[in-house]
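Single-letter residue listing:
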Amino acid sequence: MNLALTGSSVDGPLYRDVVDLAHRAPGWLDGVIAVWSAYGLAVFALFMLVGWWRARREGSAAALTALAVPAVVVLAYAVTSVVKPLVAEDRPCRHLAFRTLEACPARGDWSFPSNHATIAFAAAVALFFVSRRLGVVAAVCAGAMGASRVWVGVHYPHDVAVGAAVGAAVAFLAMTALKRLPEDLPRRLSGTRLRPLLVS
């Protein structure tokens, strides 16, 4: 059983406006946004690596927090993966007759919510717990990622908004829960084979 949401009834006009703007934009700008939309998530993986590398110098507790970030991102992705088939919203590029910058995903690759936005915002919020500066940079990049998914035509704005909210909420709750673990856990883990991951 699924809800079979028709996304165009939610914010179809806004989607059309954005895609129309993309058609009228300079080719170089469309190219940059399309590349970011397709490959930008790799930047968040780099942020996680940098966050972990720096955290190791601060101690095992900071390193453990940094190591939790990828796991939190996977958790957020899993949540949206469960929601997608329940809602079963068609991609706007399949439901509306528009030429888009990115090839329309195959049928059954549902639109709501946006996995890209979920991953990006989950990473950004989780990274705030590691480094505020890194979290701010990641948040800006997450906003750019979400906007790019509408620009290239594969998501409605509400797909991105809900994906961002889910990713941010899951990350905040998970990272807050991590802070409540026993204070001596990082120290005990640093005495195991995990030591190279926790101590520089």
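Refer to the structure presented above.
How each quantity is defined
- Residues numbered from 1 in each chain as written.
- Predicted model: local features only at pLDDT ≥ 70, side-chain atom pairs only at ≥ 80, totals over all residues.
- Heavy atoms only, no water.
- Helix = DSSP H or I, 4+ residues; strand = E, 2+ residues; numbered from the N terminus.
- Contact = heavy atoms within 4.5 Å.
- Expected span 1.5 Å × (residues − 1).
- Buried < 20%, exposed > 50% of the residue type's maximum accessible area, 1.4 Å probe, protein only.
- Salt bridge = Lys/Arg side-chain N within 4 Å of Asp/Glu carboxyl O.
- Core = buried A, V, L, I, M, F, W, Y, C linked by side-chain atoms within 4.5 Å.
- Phe/Tyr/Trp six-rings, centres within 6.5 Å; stacked < 30°, edge-to-face > 60°.
- Lys NZ or Arg CZ within 6 Å of the ring centre and 35° of its normal.

A.B. asks: Explain the overall build of the protein chain to me, using residue names and the numbers behind them.
C.D. replies: On a plain count of helices and strands, the protein chain comes out with 10 helices and 0 strands. Ordering the α and β elements of the protein chain from the N terminus gives α-α-α-α-α-α-α-α-α-α. Restricting the contact set of the protein chain to residue pairs at least 6 apart, pairs at least 24 apart contribute 79%.

A.B. asks: How would you explain helix H8 (residues 157-179) if you had to name every residue and give the values?
C.D. replies: Given a rise of 1.5 Å per residue, 23 residues ought to cover 33 Å, and the 33 Å separating the end C-alpha atoms of H8 matches this to within 8%. Taken together, the buried positions of H8 are occupied by Pro 157, His 158, Asp 159, Val 160, Gly 163, Ala 164, Gly 167, Val 170, Ala 171 and Met 175.

A.B. asks: Report on the pattern of salt bridges, specifying residues and quantitative values.
C.D. replies: Counting across every chain of the model gives 2 salt bridges. Between Arg 24 and Asp 20 there is a salt bridge whose closest N-O contact spans 3.1 Å. Highlighted residues: Arg 24 and Asp 20, both in helix H1 (residues 8-24), separated by 4 residues, approximately one helical turn. What makes Arg 24 exposed here is its relative accessible area of 59%. Take Asp 20: its relative accessible area is 33%, and that puts it in the partly exposed class.

A.B. asks: An account of the nonpolar core is requested, with residue identities and associated values reported.
C.D. replies: Core analysis: the biggest nonpolar cluster contains 29 residues, and Phe 44, Phe 47, Val 69 and Val 73 have the highest contact counts within it. Ignoring anything within four residues of it in the chain, the contact list for Phe 44 reads Trp 36, Ala 120, Ala 123, Ala 138, Cys 141 and Ala 142. Among the nonpolar cores identified, the runner-up in size contains 14 residues, and Val 19, Ala 117, Val 154 and Val 160 belong to it.

A.B. asks: Let's hear about the packing of aromatic side chains: which residues, and what values?
C.D. replies: Where two aromatic rings form a pair, the distance of their centres and the angle of their planes describe that pair. Overall, the coordinates contain 5 aromatic pairs when judged by the stated rule. Each ring, one from Trp 52 and one from Trp 53, has its centre 5.8 Å from the other, and the planes form 65°; the classification is edge-to-face. Taking the relative accessible area as the measure of exposure, Trp 52 reaches 15% and is therefore buried. Classification of Trp 53 as partly exposed rests on a relative accessible area of 44%. Members of the aromatic cluster, each reached through a chain of ring pairs, are Trp 36, Phe 44 and Phe 47. A cation over an aromatic ring shows up here: Arg 56 above the ring of Trp 53, its NZ or CZ 4.9 Å from the ring centre.

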